[in-house]
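Here is what each chain is made of, one letter per residue.
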Amino acid sequence: MELGGEGDEKKWIHDSSVDYKGRVPLRTSTGGWRASLFVIGIEFAERLSYYGIASNLIMYLTTVLQQDLKTSAKNVNDWLGVTAVSPLLGGFLADAYIGRFWMVMISSLIYLMGLCLLTLSEFVPSLKPPTCSTSAHICNRSKRPHENAFFLALYLISLGTGGHKPSLESFGADQFDDDDDGERKKKTSFFNWWYFGLCSGAMLGVTLIVYIEDNVGWGAGFVALTAVKAVAIVILIIGVPFYRYRVPKGSPLTPMLQVLAAAIVKRDLTCPSDPSQLYELVAPGRRRLHHTQRMRFLDKAAILHEEPCGNSAAASHKQQNPWRLATVTQVEETKQLLSMVPIWLSTLIFGVSVVQGQTFFIKQGTVMNRSITPSFSIPPASLLALAALSMAVFVSIYDRLLVPALRCLTGNDRGITILQRIGIGMAFSVACLASAATVEKKRRDSPLPISVFWLAPQFTLLGISDVFTLVGLQEYFYDQVPDNMRSLGIAFYLSVIGAASFLSSFIISVVDSTTSRGGASWFGKDLNHSRLDYFYWLLAVLSGINLCVYVCSARKYSYKSVDKGHKWRRDSLDDATGDELKLMP
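The structure presented is a predicted model; accordingly, all values stated were derived computationally and were not measured.

Applying the stated criterion across every chain yields a total of 21 salt bridges. Between Arg 47 and Glu 43 there is a salt bridge; the shortest N-O distance is 3.9 Å. Highlighted residues: Arg 47 and Glu 43, both in helix H2 (residues 32-54), separated by four residues, approximately one helical turn. Residue classification places Glu 43 among the buried positions, given a relative accessible area of 0%. The partner of Glu 475 in a salt bridge is Arg 414, and the shortest N-O contact between them spans 2.5 Å. Of this pair, Glu 475 sits in helix H16 (residues 456-480) while Arg 414 sits in the loop between helix H14 (384-410) and helix H15 (418-445), and the two are 61 residues apart along the sequence. Look at Arg 414 and you get partly exposed, because its relative accessible area is 24%. Within this structure, Arg 27, Asp 177, Asp 180, Glu 183 and Arg 244 form a network of salt bridges that share partners.

Have a look at this one:
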């Protein structure tokens, strides 16, 4: 069956997606909100499971395993570090070989295996934690079997997160067609509502699940997390007929390496003044990018030139070697990736401020008055619910009120540009750190413990800054990387927080070493012997300076420019595959 006129064409998706039977997707029965709502529900369940473990992990290590503070902190940081780095591998495999849906499915099963083992470690007699004396640290049997099972379970969850996290978000965004104006606007809303689902899951994880773990039992909490994850896998399977799928095309990094190699080989050639003389041939399923004037050295990779060779066939083969000749689109994609590096670097200090919300902000709450009633006190880990609640509320306000109003003012589908959104969030993070420093100073000066709700302003500001910057970073890295490496793009976003965690540890070490020389370290044996207020002011100053650097980088940045004068369509609906595409002028 041949495609008809333009009206008929709009019934089908022309971006190389296929449905679950490998056919051309029908717009009205696949993708869009009907598919992405499944994805958001799965993310809700995964974040509930993750925060139900991560937010209370240090309490488990210090109370159940009876590790000292230094050892438990190291174990938590090691686990968080592996969890933050593993998406780089998971995103690469999803884009290159496995596909995003199957990566989500496989990693979800690995995640579930970890949760099942975590649950078994609390109930199987040979794996249960031993009974230990709190004062003498004497146990009735070895802790080693339980520790082995517990940490194996933790790192299975970490491995599952590495494949699940970058693939699921990019898979959800794939449900919207970039070439359709209506679906493109919905994709912008998708990132907002994705974050709403994430925040809602995190809020339940740090409140309900933490309460169960602290008051009912760790085993009961782990059973709840396992059940939630199992339901999420069922939801993923139910949505199979409604999804749009992208077929992996091999390593997305190879074309970038080919551009660099070809540019080096042709380094002595002169770039033509007319860009139309550069080589261009868009591969099936890929959008064509406009030529830009930045990084002109890389343009040499797309220069067509005659090789002095007696054998014309050999010359033609040499000319078409992808390691010696690249297309303009490949060159522009490489330029785009290189131009994203300064943006990535200038968001690391923001990531450091985010990390404080999961460490020192929580520690502040432990020495404040957390009583709600004479018989109930807020668990320290549940303070993160303040940030999650502010995120969930503000993301709704942003999507439903601010974006429509800003669209009328700016004419931009997003209301404001992605980089403007990220910058606004960075400004809120500076205010968050200033608020944290002020509250910490008040706490130190007060003769009695002050209410934990004094922390509400800094957690609220942290949540608002996340809505602007973290959601903006997700959309930025998904939108600006080449189409065939979008899972890896989400992994780049996740690596901001991972690298910021290590950077935060480095800053703390430097500050501790420096201030100790003066007699009293800013990080004493407890909060009352520390000067967190000074540390917060230091981070606020660093964040302000970094914001200026970011603004300079953002002003020089050029967004990806897609040639909308060309689009792809399938030749036939009966036997079309992801590769059977034809360029239409």
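On the basis of relative accessible area, Arg 47 is assigned to the buried category, the value being 7%. In contact with Arg 47, not counting residues within four places along its chain, are Thr 161, Lys 165, Leu 198, Gly 201 and Ala 202.

Moving on, we come to the packing of aromatic side chains. Across all of its chains, the model carries 35 aromatic pairs by this definition. For the ring pair Phe 101 and Tyr 245, a centre distance of 5.5 Å and an interplane angle of 85 degrees mean the geometry is edge-to-face. Of the two residues, Phe 101 sits in helix H5 (residues 100-123) while Tyr 245 sits in strand S2 (residues 245-246), which places them 144 residues apart along the sequence. Here Phe 101 falls in the buried class, since its relative accessible area comes to 7%. Given a relative accessible area of 12%, Tyr 245 falls into the buried group.

Rules and cut-offs
- Residues numbered from 1 in each chain as written.
- Predicted model: local features only at pLDDT ≥ 70, side-chain atom pairs only at ≥ 80, totals over all residues.
- Heavy atoms only, no water.
- Salt bridge = Lys/Arg side-chain N within 4 Å of Asp/Glu carboxyl O.
- Helix = DSSP H or I, 4+ residues; strand = E, 2+ residues; numbered from the N terminus.
- Buried < 20%, exposed > 50% of the residue type's maximum accessible area, 1.4 Å probe, protein only.
- Contact = heavy atoms within 4.5 Å.
- Phe/Tyr/Trp six-rings, centres within 6.5 Å; stacked < 30°, edge-to-face > 60°.

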